[in-house]
Amino acid sequence: MLQLSSPSFDASVIELVMALTTGAALVVPDGQPLAGEALAEVLRDTRITHALIPPATLATVPDGAFPDLRTLVTGADAVSVELAGRWATRYRMINSYGPTESTVAATMSRPLSGEGVPPIGVPVANTRVYVLDAGLRPVPAGIPGELYLAGNGLARGYRNRAALTAERFVANPYGAPGERMYRTGDLVRWRADGELEYVGRTDAQVKVRGFRIELGEIEAVLDAHPRVKQTVALVREDSPGDKRIVAYTELLPDLSGPLPAEELLEQISGSLPRHMVPSAVVVVEQWPLMPNGKVDRKALPVPGRPAPSAGSEGPRTPREETLCGLFAELLGLPEVGIHDSFFRLGGHSLLATRLISGIRAEARRRGHGPDDLRESDGRPARAAARRCPQGPPVPPCHAPPAVLNHRWCSPPGRSPLL
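Every chain's residues receive numbers from 1 upward, in the order its sequence appears when written. In view of the model being predicted, local features appear only for residues whose pLDDT reaches at least 70, and side-chain atom pairs are presented and counted only at 80 or more, with totals across whole chains, interfaces and linings using the full set of residues. Excluded from the side-chain calculation are hydrogens and water; included are all heavy atoms of the structure.

Asker: Can you help me understand the sheet that holds strand 2 (residues 71-74) in this one?
Answerer: Strand pairing within a sheet occurs via backbone hydrogen bonds; the two strands may be parallel or antiparallel. Pairing within the open sheet is mixed, and its five strands lie in the order 1-2-3-4-5. Where the open sheet ends on each side, the last strands, each with one partner, are strand 1 (50-52) and strand 5 (122-123). The pairing of strand 1 with strand 2 spans three bridges and is parallel. When the sheet's bridge partners are listed, leucine 52 is paired in strand 2 with valine 73. In this analysis, strands are considered paired if DSSP registers two or more bridges between them. To qualify as a helix, a DSSP run of H or I must reach at least 4 residues; to qualify as a strand, a run of E must reach at least 2; elements of each kind are numbered from the N terminus.

Structure below.
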């Protein structure tokens, strides 16, 4: 069993308990976040038979043979039809669902076929699910409704947040007296085969690389800027499996001249956690509107790829040339300079994990240690080499960890569970 999850993420409990209760070996990697070829090597070299891998991480694993792998469980985000098609036809693939408020997992699917939208399954033992309308009445099969969870795994509430607890943990009219159920905010429907299918959210909350994000919070930060008139934030997936937050902004007229989108992004970055900072800000002069007068979000333009700085200095040494080449390859750019920012050019935590793996692989190929590539005055080298106070080299400490490495602390506006 692969111990891929950080102990600060509740999914790690599944990995620990599965190994403990079956007498299986628990394979604990060296502490570095795993993705891409590095994860593939661990799956092959350590002969992993069972693994829990989130979709965003699984999408980075190159196609190849994993002769010992028997069961692959995925979860923490929606699984695309394409990703299920790649893996479910070769291995026993299970799709799981479960917010932290219901302790690790609430539902699990039967083995996926690789065809059609992957279901999120049926409730696990000691868990009950209800698909209800606005009046808390069960909806017929095939009709979307909000998913409510009840059972032994339910949390008691949010610490020091009585109002939020009362809003999300409500009385269960279908349970024993005094029993509660958790209002997930997720829209689902019962399928004809008796499994649940995820449809979307009842609010503006989205999940990007495992992080819950309220798009309204991003819009509020941008709208608070004195030059901004209106903002619309959304999640785009212009490349399969690559979800990015994009903010569209209309600016107020100002005598001081135009405000470049890059400058606006720089100004609001300090007010948002790294995982909520948009990959791009697009300034629009006129909103595309639907007949009812609302913004037509589907008609908003595709953001252009960030470009390296015009005056950026090129690599000066073979070491810098290697690092800049790795940056450019991951970001899909023809070239980058030594002072260009990885995150400003579209990088994120998962790509940063792949960057570290790429540096290690290149160091092994050359017969050197990773530090031989990291010792450089260039921005790419510094970004890859910077160390957190108590750990091995990782991306800058203010960057979010990989999708599985959630912090113990809560993001702004959230409380940890009791």
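Asker: Would you take a moment to explain the packing of aromatic side chains for this structure?
Answerer: In this description, an aromatic ring pair is defined by two values, namely the gap between the centres and the angle between the planes. Any Phe, Tyr or Trp ring, taking Trp's six-membered ring, that has another such ring centre within 6.5 Å forms a pair; planes under 30 degrees apart are called stacked, those over 60 apart edge-to-face, and the others tilted. Summed over all chains, the structure comprises five aromatic pairs. With centroids separated by 5.7 Å and ring planes inclined at 65°, the aromatic side chains of tyrosine 158 and phenylalanine 169 adopt a geometry described as edge-to-face. Taken together, the residues span a long stretch of sequence, with tyrosine 158 in the loop between strand 7 (145-151) and helix 5 (162-168) and phenylalanine 169 in strand 8 (residues 169-171) at a distance of 11 residues. Here tyrosine 158 matches phenylalanine 169 in class, with each residue buried. Considering the side-chain rings of phenylalanine 169 and tyrosine 182, the 5.1 Å spacing of their centres and the 40° angle between planes classify their relative orientation as tilted. Of this pair, phenylalanine 169 sits in strand 8 while tyrosine 182 sits in strand 9 (residues 180-190), placing them 13 residues apart in sequence. You'll find phenylalanine 169 and tyrosine 182 in the same group, each marked buried. Ring-pair connections join several aromatic residues into one group, and the members of that group are Phe66, Trp87 and Tyr91. The rule for a charge over a ring is simple: NZ of Lys or CZ of Arg within 6 Å of the ring centre, and within 35 degrees of the ring normal. A cation sits over an aromatic face here: arginine 90 above tryptophan 87, 5.0 Å from the ring centre. Here the term buried applies to any residue with accessible area under 20% of the maximum for its type, exposed to any over 50%, and partly exposed to those in between, with areas from a 1.4 Å probe on protein chains only.

Asker: When you look at helix 7 (residues 261-268) in this model, what are you seeing that I'm missing?
Answerer: Residues three or four positions apart in an α-helix share a direction because the helix packs 3.6 residues into each turn. For helix 7, the full list of buried residues reads Leu264, Leu265 and Ile268. All buried residues of helix 7 lie within an arc of 100° about the axis, which places them on one face of the element. Our arc is simply the arc of the directions from the helix axis toward the C-beta atoms.

Asker: Where do I start with the pattern of salt bridges in this structure?
Answerer: Where charged atoms of side chains with opposite charge meet at close range, the side chains can pair. Any carboxyl oxygen of Asp or Glu that lies within 4 Å of a side-chain nitrogen of Lys or Arg is treated as forming a salt bridge with it. Considering all chains together, one arrives at 13 salt bridges under this definition. In this structure, glutamate 37 and arginine 44 form a salt bridge, with 2.9 Å as the shortest nitrogen-oxygen distance. Overall, arginine 44 belongs to the partly exposed group, its relative accessible area being 31%. The residue aspartate 133 makes a salt bridge to arginine 137 at a minimum N-O spacing of 3.2 Å. Here the salt bridges share partners, and the residues they tie into one network are Arg189, Arg191, Asp193 and Glu197.

Asker: Before we go on, may I ask you to explain unusual backbone geometry in this structure?
Answerer: With phi around 65°, asparagine 126 is a residue other than glycine that occupies positive phi space. Mapped onto the secondary structure, asparagine 126 falls in the loop between strand 5 and strand 6 (127-132). Positive phi outside glycine occurs at asparagine 160, with the angle close to 60°. Inspection of the secondary structure assignment puts asparagine 160 in the loop between strand 7 and helix 5. For asparagine 160, a relative accessible area of 71% puts it in the exposed group.

Asker: Can you walk me through the nonpolar core in this structure?
Answerer: Nonpolar side chains in soluble globular proteins tend to be buried together. In this structure, Leu2, Leu39, Leu43, Ile53, Phe66 and Trp87 are the most contacted members of the largest nonpolar core, which totals 24 residues. When residues of this core are traced back to their parent elements, those giving at least two are helix 2 (36-45) and helix 4 (81-88). Look past the residues within four positions of leucine 43 in its chain and what remains in contact with it is Leu2, Ile48, Ala51, Ile53 and Phe66. Remark: nonpolar core denotes a set of buried residues (Ala, Val, Leu, Ile, Met, Phe, Trp, Tyr, Cys) joined through side-chain atoms within 4.5 Å. Counting residues in each nonpolar core, the second largest holds 18 residues, with Val228, Ala233, Ile268 and Leu272 among its members. Every residue pair with non-hydrogen atoms within 4.5 Å of one another is taken to be in contact.

Asker: Honestly, the pairing of strand 6 in this entry has me stumped. Any pointers?
Answerer: It is a general feature of regular strands that their side chains alternate between the two faces of the sheet. Counted residue by residue, strand 6 has five buried out of six residues, so it is predominantly covered. In this sheet, strand 7 lies alongside strand 6 in antiparallel orientation, the contact comprising six bridges. The residue bridging valine 129 from the neighbouring strand is leucine 149, located in strand 7.

Asker: What is the right way to look at the environment of glutamate 362 in this model?
Answerer: Tracing the sequence through the fold places glutamate 362 in helix 9 (residues 349-366). Separated by 40 residues in sequence, glutamate 362 and threonine 322 have C-alpha atoms that sit 8.4 Å apart.

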